[in-house]
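So you can see what is in the structure, the chains are spelled out below.
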Amino acid sequence: KLVTVTDCGSFNSEFSIRVTPNTVEPELVVNSNEYEGCAPHTVKFFNNSKGGVFYKYDFGDGTIIEGNQSVETILHTFTQAGTYVVKLTASNGCSDSTTTETIKVFPQSVTDFTADVTSSCDSVTVKFTNQSKNAVAYLWDFGDGDVSTDANPVHTFKDDKRSYTVSLMSFSSFGCPDTMQKADLIKVGATPRPNFVVSPGLTIQYPNYRFAFKNDTKGEIESYVWDFGDGQTATTIDAEHSYLDTGVYKVKLTAMNKTGCVNTIFKTVKILGTPGNLFIPNAFMPNSLVDEIRIFQAKGSGMAEWHLRIFNKWGQQIWQTTQLDENGRPTEGWDGMMFGSKAPQGIYFWEVGAKFINGTEWAGMIASEGAEPKKAGTLNLIR
């Protein structure tokens, strides 16, 4: 189109103006089920515009995409809750046209929880503390077939199985569920049932001071602790123990299984005899692995004083002791050394004198039934 401009009738100018019709028809399409959703919410936008060659997307969350494709399918994820006006601007190089769509994104619940107890034996009652955010409803699964909709439930687990996986699903006011699962969170173990058999019996007679304890505990046991009631302990499966004096002793066996469950059983053993006694063994073995026979040591109690001497076959005194503890028990034993060297295997001689607290003299050892007591005798050193 030609346009003429006259300036005060004396000057004319002509300009050519080109007018192009606006043929751009922007159209942005969203699936009906995607207009609303829980964060993070992904929406597929379909560009069905006509007449455009250049497009600009403004998603309303700070994200802008520009391109010159004629037809586009755009995926966009809204990470935060809010209402977003998504604007599409279409251009044909001469004119621009704009259309919008509104997307609503609801807050997502965030699930979290803790338990005040996570392990026990036989059964355990657990208080769960719900630490979820943006949540108004809950569904607990305790892993044992029970569920709950309480916010902070209390639940009892039994030892039907070793461990339980607990999960919590939380829901926001718009739905928007979120799930947290804690595998093997609660561990419940069966308490051991310890037992043992005592040989030769629960009661023995002086001068026998030794018991054998046979473990009869059932199940998968991780460790044992024996307490013999005289201050001595052991951690073996079975045990043998010698006491230093007559009396009554409470023997305790404690068993712990692989899940950390512990239980204890007690049995009382007795050693009968007249208080105030003395027994001299007739052999020992310094190289033995058994503590009981590694040292030549007398057993006794109730003594006010005593004197033990050891002699070799030439009559030389090679060791002696007079030491007693507060209960009148011997505290020292001969380890088989002679003049700084190992005494050779063979027969040696002992001599003992002792007086008990009640004032009586020790009569001596009786070697066999009907024999006279003697205050001296022989011993065998075995290597």
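Not measured: the values here are computed from a predicted model.

(A) Quick look at the packing of aromatic side chains. Enumeration over the complete set of coordinates arrives at 23 aromatic pairs. Summarising the aromatic geometry, the rings of F196 and W226 are spaced 5.1 Å apart at their centres and angled 70° between planes, so their arrangement reads as edge-to-face. With F196 in strand β19 (residues 196–199) and W226 in strand β22 (residues 221–227), this pair connects stretches of sequence that are 30 residues apart. The buried category is assigned to F196, whose relative accessible area is 0%. Judged by centre distance (6.1 Å) and plane angle (25°), the rings of F211 and F213 are stacked. Residue F211 is classed as buried on the basis of its relative accessible area of 1%. In this structure, K182 is placed above the aromatic ring of F113, and the distance from its NZ or CZ to the ring centre is 4.6 Å. Over the face of the ring belonging to F266 we find K250, whose NZ or CZ atom lies 5.4 Å from the ring centre.

(B) Molecular detail of the layout of surface pockets. Put simply, the largest pocket is a space of about 1,000 Å³. Residue lining of the largest pocket: 38 residues in total, with S242, L244, D291, E292 and K299 positioned closest to the centre. The set of elements that each furnish at least two residues to the lining of the largest pocket consists of β23 (233–234), β24 (239–242), β28 (283–284), α1 (291–294) and β29 (299–301). Considering each element in turn, the lining of the largest pocket owes the most residues, four residues, to β24. Here the lining of the largest pocket is composed, by residue class, of 19 nonpolar, 10 polar and nine charged.

(C) Up close: the sheet that holds strand β5 (residues 41–47). Spatially, three strands are ordered β3-β5-β8 in an open sheet, and the strand pairing comes out antiparallel. On the outer flanks of this sheet lie β3 (28–30) and β8 (73–78), each paired with one strand and no other. Taking the axes of each pair of neighbouring strands and ignoring which way they run, one obtains an average angle of 30° across the sheet. Across six bridges, β5 lies against β8 in antiparallel orientation. Residue pairing across strands places F45 opposite I74, the latter belonging to β8.

(D) Structural context of the state of the cysteines. Summed over the entire model, instances satisfying the criterion amount to two disulfides. Through a disulfide, C38 is tied to C176; the S-S separation comes to 1.9 Å. Taking the sign of the torsion about the S-S bond as the criterion, the disulfide between C38 and C176, at about -85°, is left-handed. Here the residue C38 occupies a position in strand β4 (residues 36–38), and C176 occupies one in strand β18 (residues 175–189), the gap between them amounting to 138 residues. For C176, a relative accessible area of 2% gives the class buried. Here C121 is linked by a disulfide to C261, with a sulfur-sulfur distance of 2.0 Å. A torsion of -105° about the S-S bond marks the disulfide between C121 and C261 as left-handed. Highlighted residues: C121 in strand β12 (residues 119–121) and C261 in the loop between β25 (247–257) and β26 (262–272), separated in sequence by 140 residues. C121 gets classed as partly exposed once you look at its relative accessible area, which sits at 24%. Judged by its relative accessible area of 0%, C261 is buried. Going through the protein chain in sequence order and numbering each bonded cysteine, the pairs you get are 1-3, 2-4.

(E) Structural detail: the pattern of salt bridges. On inspection of all chains with the given rule, the structure shows eight salt bridges. Between R210 and E292 there is a salt bridge, with the nearest N and O atoms lying 3.7 Å from each other. Of the two residues, R210 is situated in strand β21 (residues 210–215) and E292 in helix α1; the sequence distance between them amounts to 82 residues. For E292, a relative accessible area of 30% translates into the label partly exposed.

(F) Examining unusual backbone geometry more closely. The residue after A39, namely P40, is reached through a cis peptide bond having omega -5°. Mapped onto the secondary structure, P40 falls in the loop between β4 and β5. Cis geometry marks the peptide bond from S199 to P200; its omega dihedral reads 5°. With respect to the helices and strands, the residue P200 is situated in the loop between β19 and β20 (203–205). Even without being a glycine, D122 presents a positive backbone phi close to 70°. Turning to its location among the elements, D122 is positioned in the loop between β12 and β13 (123–130).

Quick notes on the rules
Residues numbered from 1 in each chain as written. Predicted model: local features only at pLDDT ≥ 70, side-chain atom pairs only at ≥ 80, totals over all residues. Heavy atoms only, no water. Phe/Tyr/Trp six-rings, centres within 6.5 Å; stacked < 30°, edge-to-face > 60°. Helix = DSSP H or I, 4+ residues; strand = E, 2+ residues; numbered from the N terminus. Buried < 20%, exposed > 50% of the residue type's maximum accessible area, 1.4 Å probe, protein only. Lys NZ or Arg CZ within 6 Å of the ring centre and 35° of its normal. 1 Å grid on protein atoms, 1.4 Å probe; cavity = no way out; pocket = protein on both sides within 12 Å on 5 of 7 lines; lining within 4 Å. Points joined across faces, edges and corners; volume = space filled by probe spheres on them. Nonpolar A, V, L, I, M, F, W, Y, C, P; charged D, E, K, R; others polar. Pairing = 2+ DSSP bridges. Axes fitted to C-alpha atoms, helices over the stretch in contact; angles between N-to-C directions. Disulfide = S-S within 2.5 Å. Salt bridge = Lys/Arg side-chain N within 4 Å of Asp/Glu carboxyl O.

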